[in-house]
Amino acid sequence: MSAPWWQWVASTDSLTTRIVSAGGERPFRVRLLRQGVGFPQPHEALALGMAARRYAWRREVALCVDETPWVVARSVAPLEALRGQCLENLGERSLGSWLFRQPDLVRGPLYATRHAPGFTFPGDASSLWGRRSVFQHGCKHGGLSLLVQEYFLSTMADDLALPSR
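Computed from a predicted model, the values in this text were never measured in an experiment.

Engineer: What should I look at first to understand the UniProt feature "binding site: substrate" (unreviewed entry) in the protein in this one?
Structural biologist: Sequence positions flagged by UniProt for "binding site: substrate" (unreviewed entry) are, in local numbering, Arg59, Leu95 and Glu150. A stretch of 92 residues holds the annotated residues, and the largest C-alpha distance among them is 11.7 Å, short enough that they meet in one place. Its place among the elements puts Leu95 in the loop between β3 (68-78) and α4 (96-99). The residues contacting Leu95, other than those within four sequence positions of it, are Arg59, Ser75, Leu87, Leu90, Leu146 and Val148. The exposure class of Glu150 is buried, given its relative accessible area of 9%. Filtering out sequence-adjacent residues up to four positions away, Glu150 remains in contact with Leu15, Val71, Val72, Ala73, Arg107, Trp129, Gly130 and Arg131.

Structure follows, in structure tokens:
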């Protein structure tokens, strides 16, 4: 992975904040693609330590600059742990706007991948890099485990003149 990509993929701060900064004066938008309840993909259930046939909250968004998707993301959380968190009411606000305000938030290791997202997203951009990590919140009270998967798109690379890999 090239150094410019490493700075994006390995960052542990708010991706939304980084995108807004990189976009400069261009408008930023979170486009809600899908949200609802269903079964997680087997690798998602494994990452969350839950049974594959247990219901989960799933949310897919595109992080856009000037209406162009730069990143697509999928978040998954066990449904029974979601009570009281109000994540289903985020709408077109970024998940990071909630996550990074939690004082007891713990982020697990970041895992990078070159695999494409396992869901459809708008446009004809391709995924160049992906990353995922599990966030833990409220661990003292049973807590919430939340898997966040983010895929950096070729449109972002083009707009920022990043290398293809």
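Engineer: Would you mind going over the nonpolar core with me for this structure?
Structural biologist: The nonpolar side chains of soluble globular proteins are, as a tendency, buried together. Counting 18 residues, the largest nonpolar core has Trp5, Trp8, Ile19, Val71, Phe152 and Met156 as the members making the most contacts within it. The set of elements that each furnish at least two residues to this core consists of α1 (3-9), α2 (15-23), β2 (56-65), β3, β6 (127-137) and α5 (154-160). Among all residues touching Phe152, those that are not within four sequence positions of it are Trp5, Trp8, Val9, Leu15, Trp70, Val71, Ser126, Ser127, Leu128, Trp129 and Arg131.

Engineer: Help me understand the pairing of β6 in this model?
Structural biologist: Moving residue by residue along a regular strand, the side chains alternate between the two faces of the sheet. In terms of burial, β6 is largely enclosed, as nine of its eleven residues are buried. Taken together, the three bridges between strand β5 (residues 111-113) and β6 define a ladder with antiparallel strand orientation. Its bridge partner being in β6, Tyr111 is matched across the sheet by Arg132. Direction of pairing for β6 relative to strand β7 (residues 144-153): antiparallel, over a ladder of ten bridges. Paired with Gly130 across the two strands is Tyr151, which belongs to β7.

Engineer: Honestly, unusual backbone geometry in this entry has me stumped. Any pointers?
Structural biologist: Glycine aside, negative phi is the norm for most residues, and most peptide bonds take the trans geometry. In the Ramachandran plot, Glu67 falls in the positive-phi region, its phi being about 70 degrees despite a non-glycine side chain. With respect to the element layout, Glu67 can be found in the loop between β2 and β3. Overall, Glu67 belongs to the partly exposed group, its relative accessible area being 45%. Although it is not a glycine, Ala161 sits at a positive phi angle of roughly 55 degrees. Along the chain, the position of Ala161 falls in the segment after α5. For Ala161, a relative accessible area of 67% translates into the label exposed.

Cut-offs applied
- Residues numbered from 1 in each chain as written.
- Predicted model: local features only at pLDDT ≥ 70, side-chain atom pairs only at ≥ 80, totals over all residues.
- Heavy atoms only, no water.
- UniProt positions renumbered as here; feature names shortened; annotations may be inferred.
- Helix = DSSP H or I, 4+ residues; strand = E, 2+ residues; numbered from the N terminus.
- Contact = heavy atoms within 4.5 Å.
- Buried < 20%, exposed > 50% of the residue type's maximum accessible area, 1.4 Å probe, protein only.
- Core = buried A, V, L, I, M, F, W, Y, C linked by side-chain atoms within 4.5 Å.
- Pairing = 2+ DSSP bridges.

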